[in-house]
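Structure assessment
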Amino acid sequence: MRLKLLHSPYLFAILTLFLCQVAFAQNKTVTGRVTDSSDGSAMVGVSVSSSDGRLGTITDIDGKYSLVAPQAMNSLVFSYTGYVEQVVDISNQSSVNISLKQGNAYLDEVVVIGYGTVKKSDLTGAVTAVSEKDFNKGTLVSPQQMIAGKVAGVQIISSGGQPGGGGRIRIRQGSSLNASNDPLIVIDGVPVDNGKISGAGNPLSLINPNDIESFNILKDASAAAIYGSRASNGVILITTKRGSNGGKLQVDLNTTQSIAQPGSKVDVLSADEFRTVVNREGTATQIALLGNSNTDWQDEIYQAARTSDINLSLTGGIKGLPYRLSLATMDQDGILRTDNLQRNSIGLNLSPKFLNKSLSVDVNFKGSQSNSHFAPQGAIGNAVFFDPTQPKLSGSDTLGGYFEYLDPATGTPNTLAPKNPLSQLAQYNDESEVIRSIGNVQLDYKLPWVSGLRANLNLGYDYVHGSGKKILPRTLAEQFYNKGTTTEYDQKKNNKLLEFYLRYDFNLGSRSDLNVTAGYSYQDWIREEPSFATFRGIDTIAKGNDFKTQNTLVSFFGRLNYTFDSKYLLTATVRRDGSSRFSPDNRWGTFPSVALAWRIGQENFLRNSNVISDLKLRVGYGITGQQDIGTDYPYLARFTPGDSSSTYLFGSDYYTTLRPEGYDLNIKWEETATANAGLDFGFFKNRVYGSIDIYQKKTKDLLAVIPVPIGSNLTNRLLTNVGNIENNGLEISLGSQIVRSKDFSWNANFNITFNNSEITNLTKVVDKNAIGVEVGEIAGGVGNLIQIHTVGYNPFAFFVFQQVYDTNGKPIEGVYVDRNKDGVVNDQDRYRYKTPDAQVYLGFNSQFDYKNWTLGFSTRANFGNYLYNNFNGANAAYASFGFNNYLGNMPSNVLETQFEQYQLKSDYYIENASFFRMDYISLGYNFGRVFNDKIGVRLSFTVQNVFVLTKYTGIDPEIAGGIDRSFYPNPRVFSLGANLSF
């Protein structure tokens, strides 16, 4: 059932009512002055706000403030970076003067780490926290969109503009060639499955972003090694919102209504340009195929798409039971016609305390139901190449009434010709339903018989059920000979978690503190995929074999934190993992780490500095692992059943055959050793703050797919442990509150990352003549590869011919540099040229606050990343426009090159894809409390994907993997948001 809580016409009617009937309740004015307790000086820019943060002001140059507050409000919160926050009762006061004591709220901020929390000041590893106030703005469907560009060393690349679309997340680049490079994601203490889910384009889109309170990103091994064999690519800890400790019910209704406009299109020939080319270059038969229409097929397949996202939350506490309940519904259309995602979600958090508050219970539940109608993305490619001189419709009832190229001899669809994209969009029926539930119960008990000892038990689960059906009618040109096809799929994933640990905090003396954690973890994954029969016309292809697999991880872990004199910090962790993915001889691995920190700012020579408010040096080293290889039993000699086309007749019966699969008995996880040195700093009472990190990652025993000698295994390419990769990088983060006054404040944050990856070994036996392993399949012919893994180069480097140009800078067709100077140009002359991964990437975001107005924006840039323009490489040649009784369009690039034949592997098509992008700009206004002080109202207007500056000639310069061949364009999105609080 598809539920819609509120339709957009009703929403805008309500908003209009609010704006037209604003009426203020009886209020009171509170005034006062804020001073520094150390010297009595006036404090400028102190935040003065209500406890819920919905009303507030800032002190002026004399430290004075004035705030109009409702009569019912009984407290004010005074806060300033570097000072201890104060909450003051104003029930019977209209004038409140206070003195703030110096502290360090910035450093006292609590950061979530694996199996616990620490103050930011006590961190020894490379950990970055991003809270709700720093999230990106606009229509955010998936959690990773909230932090794109916010964290140094973290790169998030969109997978396209499809509804619920995901993105590739990389923390300090990848550490693997064929295993997963995705980080481990832990939500409220539950490591979740972020692998592919049947029926969902992006597994993280099943999580409601509005429920998320903070992200904590563990980047180096000293921070992440507590997660052992799954932490080589970093760890992202997501914490969802909680209930309040008490008080009356708080109701929040947040809604975002948006319109997405199609962005860039592939630059192809117009109908008139195409006619000119065909008339000049084509045969008489080809010229006769030209039509009389002028159809821009890309315009036809795209649309202005709406999204409605509505979230309702109820927060409060009842007799010591803090709670938060959230309900949400989202309805998102894609800019590709017929694409749609509808998601309904629910979240519940209960966090009571028992036994005189010695037992804390945290109950988390998140559930979602999503229904998708998938538009066939093959329509994007067909819209690029379909003949622009032909009409949309044929005037015939056959093939759904759409124009298609037919075989002139038989009158049936031409199987080689591009298919009408509008026919595909209109006649495909591809729908799915996915249900996901993530939850846990966490018990934390302060043991009464030992002071400082506490026990923590965490029981959790992550359950997913995805199912769908695809119906392709016989009126589709590509289904004409099948007479229509119906296929079904179904998948269940069940992830269970049990974790228990003890934590002991004790003081060793007047200057020493020790914290020890030791625990056990058990996690089990079961995946089931039943098989279904496929129906083609009146024929039935019998169902195959049902699939079920199980993977179990058992772990023991420990951590020691030691602090001396609040200045010298030591953290040591170790985790021992046992995985059922590997044989008993290789099943267990140990992953240790150690980190030291020196809080230089606490030394006597800096303690009273008026300039340096924080200075801390960190160094760490650790080993982490990677075991996400996409198959559960790569070490087992096994047989897989054949399909119905490979049965064997014995007597009068057919028997299913069994086929041996390749395997490696000694396969094990990768290991990544990371060294990290960092410097955290703050100046002028942390008005300016930041960090610098330099790191080196060395991965050995790479899980890589490599060719194997004929006859040495049951396959010609085998997943095994071979090779090494090295990553070196530098990260710089800066933040500042540039201006802080009564009516105006300006904050800015900047981060930049330098990274270089290099393959240092790729064979078990050193072979100086080995060229490497070719990868990166491209469109245009069969089996063509454009990338390579080679020792001494970046992973996925492009492997191409060096193009020769004439004196005018025009590429000379078929002429390449003889790089080895043997007088012959052949594959021996291909060379490694550029890389898809940016060598430098940065983010910059800023926010301006003026009275009740807020203006914010976020930008990102990549430098040194390159793309292979497969649209041009495979189609920008006159040979592509017509043969076998059909015509097909070409990219406009053919007018520049004048190529007659394809030049697939020319470095001419490797383009500089460096870019500068504005992700969003947002303007908001806070109306305060209206309707007799009953409702708080805030409106915002946001534009996403505002602009992109780049030299790249394709649709988008930011495409994961480096090959641009069929990319769903990222739209420009205009959003109106309303936040109502009751």
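Residues numbered from 1 in each chain as written. Predicted model: local features only at pLDDT ≥ 70, side-chain atom pairs only at ≥ 80, totals over all residues. Heavy atoms only, no water.

1. A few points about the sheet that holds strand E51 (residues 866-869)
- Read across the open sheet, the three strands follow the order E52-E51-E55; overall the sheet is mixed. Strand pairing shows two members of the sheet lacking a second neighbour, strand E52 (910-912) and strand E55 (963-964), which therefore form its edges.
- Bridge analysis of E51 against E52 gives three bridges, and the strand direction is antiparallel. Counted as the bridge partner of Tyr868 is Ile910 from E52. (Pairing = 2+ DSSP bridges. Helix = DSSP H or I, 4+ residues; strand = E, 2+ residues; numbered from the N terminus.)

2. A word on the side chain of His789
- Within the element layout of this structure, His789 appears in strand E44 (residues 785-789).
- Residue class for His789 comes out buried when judged on its relative accessible area of 3%.
- At 3.3 Å, the side chain of His789 forms a polar contact with the backbone nitrogen of Phe796. (Buried < 20%, exposed > 50% of the residue type's maximum accessible area, 1.4 Å probe, protein only. Polar contact = N/O pair within 3.5 Å; in protein donor to acceptor, adjacent residues only side chain to side chain.)

3. Here's the deal with the side chain of Thr256
- Looking at where Thr256 falls in the secondary structure, it is placed in strand E17 (residues 250-261).
- Overall, Thr256 belongs to the buried group, its relative accessible area being 18%.
- Beyond its immediate chain neighbours, meaning those up to four positions away, Thr256 contacts Thr139, Thr307, Ser308, Asp309, Ser975, Leu976 and Gly977. (Contact = heavy atoms within 4.5 Å.)

4. Focus on a nonpolar patch on the surface
- Among the surface-exposed residues, Tyr568, Leu596, Trp598, Phe605, Leu617 and Val619 lie close enough to one another that they form a single nonpolar patch of about 550 Å² accessible area.
- Of all elements in the fold, only strand E31 (588-599) and strand E32 (612-626) reach the threshold of two or more residues within the nonpolar patch.
- With respect to the element layout, Leu617 can be found in strand E32.
- On the accessibility criterion, Leu617 (36% relative accessible area) is partly exposed. (Patch = residues over 30% accessible without salt bridge, like charges linked within 9 Å, V, L, I, M, F, W, Y side chains within 5 Å. Areas by Shrake-Rupley, 256 points an atom, 1.4 Å probe, with all protein chains shown as cover. Salt bridge = Lys/Arg side-chain N within 4 Å of Asp/Glu carboxyl O.)

5. Some details on the sheet that holds strand E1 (residues 27-36)
- The three strands lie next to each other as E4-E1-E7, forming an open sheet whose pairing is mixed. At either end of the open sheet lies a strand with only one pairing partner, and these are strand E4 (64-70) and strand E7 (98-100). The average angle at which neighbouring strand axes cross in this sheet is 35 degrees, direction not considered.
- Taken together, the three bridges between E1 and E7 define a ladder with parallel strand orientation. Along E7, the bridge assignment pairs Val34 with Ile98. (Axes fitted to C-alpha atoms, helices over the stretch in contact; angles between N-to-C directions.)

6. Considering the confidence of the model for the protein
- Averaged over every residue, the pLDDT of the protein is 88; the share at 70 or more is 94%.
- Low confidence marks residues 1-25, where pLDDT is under 50. Its contacts with residues over four positions away, or in another chain, come to 43 contacts. (pLDDT = per-residue confidence, 0-100.)

7. Structural notes on helix H7 (residues 378-385)
- Most of H7 sits out of view: seven of its eight residues are buried.
- Looking at H7, one finds that the buried residues are Ala379, Ile380, Gly381, Asn382, Ala383, Val384 and Phe385.
- Structurally, H7 contributes buried residues whose contacts are with helix H6 (297-301), helix H8 (421-427) and helix H10 (870-875).

8. Side note on the nonpolar core
- Membership of the largest hydrophobic core comes to 47 residues, with the highest contact counts inside it found for Phe274, Ile301, Leu336, Tyr868, Phe881 and Met890.
- Every element with two or more residues in this core is listed here: helix H4 (271-281), H6, H7, H8, strand E45 (797-800) and E51.
- Grouped together as the second largest cluster of nonpolar side chains are 24 residues, Ala148, Leu204, Ile207 and Leu497 included. (Core = buried A, V, L, I, M, F, W, Y, C linked by side-chain atoms within 4.5 Å.)

9. Side note on H4
- Taken together, the buried positions of H4 are Ala271, Phe274, Arg275, Val277 and Val278. Viewed along the axis of H4, the buried residues span an arc of 165 degrees, placing them on a single side of the element.
- Structurally, H4 contributes buried residues whose contacts are with helix H5 (284-288) and helix H11 (894-897). (Arc of directions from axis to C-beta.)

10. What about the packing of aromatic side chains?
- A complete count under the given rule lists 31 aromatic pairs for this structure.
- Note on Tyr405 and Tyr886: the rings are 6.4 Å apart at their centroids and 55 degrees apart in plane angle, and the pair reads as tilted. Note that Tyr405 is positioned in the loop between H7 and H8 and Tyr886 in the loop between H10 and H11, a separation of 481 residues in sequence. When sorted by exposure, Tyr405 lands in the same class as Tyr886, which is buried.
- Seen from their ring centres, Phe844 and Phe857 are 5.8 Å apart, and the 50 degrees between their planes marks the pair as tilted. Taken as a pair, Phe844 in strand E49 (residues 840-850) and Phe857 in strand E50 (residues 853-863) lie far apart in primary sequence, 13 residues in all.
- The buried category is assigned to Phe857, whose relative accessible area is 17%. (Phe/Tyr/Trp six-rings, centres within 6.5 Å; stacked < 30°, edge-to-face > 60°.)

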